Amino acid sequence: MFCRERLGGAVRKMSSLMPELSMEHPYKDITTETARTQIGFAGDLEKVPTVAEFWNDYLAQVIDHSVLPSLVQKGEVLRVHKRFLNPEEEVEGRSRLADLFRVIWKFDPGSVLKDSMKENPELFNKLGETVVASLEKGYEKFEDFDLVIDGRGVLSSPLPMGPSQTEALNEIQLRETGNIHYGFHSLENADSILEKSKSLCIVGSGVTAAMWLLKASEWMKNPEHSISLVSTEGVIFQGMFANPSHRDLSYKLNKYLEEMLLDYEKACEAYQKEIHAWRDLDSHVRAKTPQPQEPVPRFDVYHGCNVSAVDRLLDREGLFVTCETVDFRGERRQIELKTLGCDSIIVCTGYVLDQSMSRGLRTHFHHHGKSSECEEGTHPEAGFYTLGARKSGDRYDLKEGLAQLPQIEKNILSFFSRSEGDQ
Ligand SMILES: Cc1cc2nc3c(=O)[nH]c(=O)nc-3n(C[C@H](O)[C@H](O)[C@H](O)COP(=O)(O)OP(=O)(O)OC[C@H]3O[C@@H](n4cnc5c(N)ncnc54)[C@H](O)[C@@H]3O)c2cc1C
């Protein structure tokens with residue numbers, strides 16, 4: 001098992017980002033019997049845990065269980081291909097399983113190198129700075145396997161902000177500014193992003209955008225801060241609110257959006273009173289009294305829109321997001337073009353699986369780009385599996401992924417089945 005960081009994936013990260021969020025499914029659906037037995041899990045299987053409970057009482061214990069460390073190799077998998085066969089090639093009279101899969105991974109010497117340098121400084125002095133620096137960068141290694149299960153998930157490949165899952169104009173170039181942040185992993189840097197921003201533009205209105213809005217709720221208490229949200233949805237968060245698998249997050253977000261709306265309404269009421277009082281002043285007093293300022297909503301929504309371009313102006317700070325509406329989304333309206341200024345852009349437009357890793361194999365992915373075309377996670381390449389999202393929907397949760405395990409197991413066992421009469 002290769003993993004480029006400590007095991008636990010998104011759940012581990014969520015346990016520190018939003019520990020109180022519900023996992024939305026009971027333990028029985030998001031754990032396996034094998035793992036429960038191994039760790040002696042005695043919790044109530046019907047209980048729906050929070051992320052923190054799930055992490056502390058189950059997943060962290062599975063990860064720390066003595067069986068796992070011996071299976072795990074820390075390193076990022078870069079490519080998976082056949083040792084010899086190209087995608088068109090067949091082996092006469094045998095399946096392509098006759099050739100092993102070669103897994104190329106990046107070995108990062110990191111701490112091992114530091115320890116060795118401490119233990120043997122003379123040797124490293126002799127090697128010289130250039131050699132040590134090249135070792136520090138890591139290098140590629142490989143190992144060969146009969147079967148490969150790709151369980152990288154999709155969260156490491158967030159989509160860009162433009163239409164049709166592609167980049168908006170200038171997006172690639174402006175990434176270098178460091179002010180455009182992508183997907184779930186950007187939440188890990190939320191504090192530093194918020195600290196240097198007064199205005200955010202969030203692109204998307206799904207689960208990650210909801211988490212970002214909640215994460216920024218404290219920051220939004222500062223009256224100088226504002227958020228613009230651009231979404232292709234005709235009604236923002238409509239998809240998430242309708243999905244029972246997001247009940248808790250939907251509830252929390254809805255409550256927060258209502259609070260923001262209430263605050264704005266209160267500010268409007270106060271303004272109405274102030275403006276009437278100001279108008280009632282004697283004209284000579286009014287001339288010397290400043291007119292009350294109408295409150296501006298600090299949470300602005302641009303629904304049914306795509307971001308088509310992002311720009312930076314030479315004479316002004318920040319980034320400028322151009323979004324366009326269309327007449328066939330949500331309520332019918334004129335096609336419009338709008339440009340919004342902001343300090344940072346958070347792109348929450350969804351995820352795809354990075355398919356380049358298995359470019360040399362016979363793969364067949366669903367057009368949403370998250371999973372194999374086949375529900376079981378299989379591909380035309382025998383022995384190669386994609387574990388995770390299902391073709392049937394945009395959901396990507398543990399319940400669905402775990403339900404795939406016995407299907408993959410069954411497929412693997414079919415390679416070993418004997419025909420009747422075999423001994
Ligand atoms: C905001 C949000 C809320 C969610 N809420 C829920 C929920 O309430 N309930 C629920 O069941 N699910 C929820 N999910 C989905 C849940 O996070 C995923 O189903 C779960 O994390 C999937 O696990 P995974 O192991 O497939 O992928 P991940 O958790 O993404 O883990 C993938 C692992 O693979 C590693 N990796 C990636 N690429 C490589 C590589 N090339 N080489 C080596 N290692 C690699 C990563 O570092 C990571 O450790 C939510 C997801 C998000 C984003």
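Trainee: What exactly am I supposed to notice about the overall build of the chain here?
Mentor: Counting its regular elements, the chain contains 13 helices and 15 strands. With the C-alpha coordinates aligned to their principal axes, the bounding extent of the chain is approximately 105 × 60 × 45 Å. Relative to its full complement of 423 residues, the chain shows a buried share of 25%. Nonlocal contacts in the chain, meaning residues at least 24 apart in sequence, comprise 67% of its contacts between residues at least 6 apart.

Trainee: Looking at this model, I keep getting lost on the pairing of strand β14 (residues 344-347). Mind explaining?
Mentor: Taken residue by residue, a regular strand's side chains alternate between the two faces of the sheet. Judged by which residues are buried, β14 turns out to be covered on both faces: S344 and I346 on one side and I345 and V347 on the other are all buried. Summarising the sheet, strand β7 (residues 180-182) and β14 pair through 3 bridges and their orientation is parallel. The partner of Y182 across the bridge, within β14, is V347. Relative to β14, strand β8 (residues 199-203) runs parallel, the two sharing 4 bridges. In the sheet register, I202 faces β14, and the bridge partner there is I346.

Trainee: Sorry, what's going on with the site of the ligand here?
Mentor: Residues in close proximity to the ligand total 28 residues, the closest being G9, A10, R152, G153 and D397. Those elements that place two or more of their residues in the shell around the ligand are β1 (2-3), α1 (9-17), β3 (76-82), α9 (207-215) and α13 (398-414).

Trainee: Just to check I follow, could you spell out the sheet that holds strand β10 (residues 299-303) for this structure?
Mentor: Strands in a sheet are paired, the pairing made by backbone hydrogen bonds, and the direction either parallel or antiparallel. Pairing within the open sheet is parallel, and its 5 strands lie in the order β7-β14-β8-β9-β10. On the outer flanks of this sheet lie β7 and β10, each paired with one strand and no other. Taking the axes of each pair of neighbouring strands and ignoring which way they run, one obtains an average angle of 15 degrees across the sheet.

Trainee: What's the story with the nonpolar core in this structure? I'm lost.
Mentor: One broad rule of soluble globular proteins: the nonpolar side chains tend to lie buried together. If you look at the biggest cluster of nonpolar residues, it comprises 39 residues, and the most contacted ones within it are I202, V203, W212, V230, V321 and I345. In this structure, M14, Y27, F54 and Y58 belong to the second largest nonpolar core, which totals 9 residues.

Trainee: Would you mind showing me how to read helix α11 (residues 247-280) here?
Mentor: The α-helix advances 3.6 residues per turn, and as a result positions three or four apart in sequence lie on the same side. The terminal C-alpha atoms of α11 lie 49 Å apart, and with 34 residues this matches the ideal 50 Å at 1.5 Å per residue to within 8%. In terms of residue burial, α11 counts as a barely covered element, since only 2 of its 34 residues are buried.

Trainee: What is the right way to read the pairing of β8 from this model?
Mentor: Of all the 5 residues making up β8, 4 are buried; the element is thus mostly covered by neighbouring parts of the structure. As paired elements, β8 and strand β9 (residues 226-231) share 5 bridges and run parallel to each other. Bridge pairing in β9 links S199 to S226. Following the chain from β8 across α9 to the adjacent parallel β9, one finds a crossover that is right-handed.

What counts, and where the lines are drawn
Residues numbered from 1 in each chain as written. Predicted model: local features only at pLDDT ≥ 70, side-chain atom pairs only at ≥ 80, totals over all residues. Helix = DSSP H or I, 4+ residues; strand = E, 2+ residues; numbered from the N terminus. Buried ≥ 20, exposed ≤ 12 C-beta atoms within 10 Å, placed from the backbone. Contact = placed C-beta atoms within 7 Å. Pairing = 2+ DSSP bridges. Near = placed C-beta within 6 Å. Axes fitted to C-alpha atoms, helices over the stretch in contact; angles between N-to-C directions. Core = buried A, V, L, I, M, F, W, Y, C linked by C-beta atoms within 7 Å. Expected span 1.5 Å × (residues − 1). Right-handed = clockwise from strand over helix to strand, strands pointing away.

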